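# An overview of the molecular structure
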Amino acid sequence: MPLLIAIDGPAASGKGTLARRLALHYGLPHLDTGLLYRAVALQMLDAGIDLGDRAEAGRVASNLVADQLADPRLRERAMGEAASRVSGIPEVRAALLSWQRRFAAGEAGAVLDGRDIGTVICPDARVKLFVTASPEERARRRHSELAGRGEETTLAAILADIRARDERDSSRSAAPLRAAEDAVRIDTTELDADEAFAVARDVVERAR
Ligand code: C5P
């Protein structure tokens, strides 16, 4: 059975870093599923389509191609917000579900990270991790990441973003952010990337 690792958690919890490291360590393809929602939002903004237009959002999501995931603008702060808005549209989630399932079904196995991987996309994943950290610590990390890319913001603005995004992602009716019952929780507030990786690797090793 191919090794499938599902990683969920809120924004800037460290799940992306962890997913990349596990993928590298086990030689698995990795999909950052947040990029799919960001790409849908970016295509809509570029085409001048209102982010609340459900039918158009669904159409854009159905026509998404892998090349569109490479645009550096996808990592900008505003795109996280825009992605969070379109991610509540059921037509978008339905279109992206098959995209993600195809990726997860590869013979080599896979690592996927997002908000609903263990609950909706890959409920049968061999390993499920739910990665969290305090909102303050997540804001601090996101702030230094954006600063590293030259995006000027204040810590207070990022913290406000994070709280708003947590609230929206957890309270939406379509696939809300929550841990699968069989997910192992990893709180990275007090852990650096190496420590979080060591904890996650132990979980994977026990499941192999
Ligand atoms: O993880 P990232 O910050 O790139 O995600 C952007 C937004 O996309 C999230 O706030 C969330 O609303 C949405 N998302 C989602 N389901 C996923 C991944 C991301 O709803 N599996």
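See the structure printed just above.
Notes on the structure in this doc start here. If you're wondering where the values come from, they're calculated on a predicted model, not measured in any experiment.

## Comments concerning the layout of surface pockets
- The volume enclosed by the second largest pocket comes to roughly 220 Å³.
- When the residues that make up the lining of the second largest pocket are grouped by side-chain class, the tally is nine nonpolar, one polar and three charged.
- When residues of the lining of the second largest pocket are assigned to domains, at least three map to each of domain 1 (1–14 + 114–205) and domain 2 (30–105).

## Points about the sheet that holds strand S3 (residues 110–114)
- Pairing in this open sheet of five strands is parallel, and the strands run S2-S3-S1-S4-S5 from one edge to the other. Both outer strands of the open sheet, strand S2 (30–32) and strand S5 (184–187), are each paired with one neighbouring strand and no more. Taken over all neighbouring pairs, the strand axes of this sheet differ in orientation by 20 degrees on average, direction set aside.
- Note: S2 against S3, three bridges, orientation parallel. In the sheet register, Leu31 faces S3, and the bridge partner there is Leu112.
- Against the sheet, helix H5 (residues 90–104) contacts strand S1 (4–8), S2 and S3, and its axis sits at roughly 150 degrees relative to S3.
- Sheet strands in contact with helix H9 (residues 193–207) are S1, strand S4 (127–132) and S5, and its direction is about 160 degrees off that of S4.

Criteria and cut-off values
- All residue numbers here refer to positions counted from 1 along the written sequence of the relevant chain.
- Local features in this predicted model are restricted to residues of pLDDT 70 or higher, and side-chain atom pairs are both shown and tallied only at a pLDDT of 80 or more, whereas totals for entire chains, interfaces and linings draw on every residue.
- Only hydrogens and water are removed before side-chain values are computed, so all heavy atoms of the structure are retained for them.
- A cavity here means a set of 1 Å grid points, computed over protein atoms only, where a 1.4 Å probe fits but cannot escape. A pocket is an open set with protein on both sides within 12 Å along at least 5 of 7 lines, and lining residues have an atom within 4 Å of a point.
- Grid points are joined across faces, edges and corners, and a volume is the space filled by probe spheres set on the points.
- When residue character is reported, Ala, Val, Leu, Ile, Met, Phe, Trp, Tyr, Cys and Pro are called nonpolar, Asp, Glu, Lys and Arg charged, and the others, Gly included, polar.
- Each domain span listed reflects an automatic or database assignment of domains.
- Here a strand pair is declared whenever DSSP counts at least two bridges between the two strands.
- Every helix listed is a DSSP run of H or I at least four residues long, and every strand listed is a run of E at least two residues long, numbered separately from the N terminus.
- Where helices are involved, their axes are fitted lines through C-alpha atoms of the stretch in contact, as for all axes, and angles between N-to-C directions lie from 0 to 180°.
- Any two residues whose heavy atoms approach within 4.5 Å at even a single point are treated as in contact.

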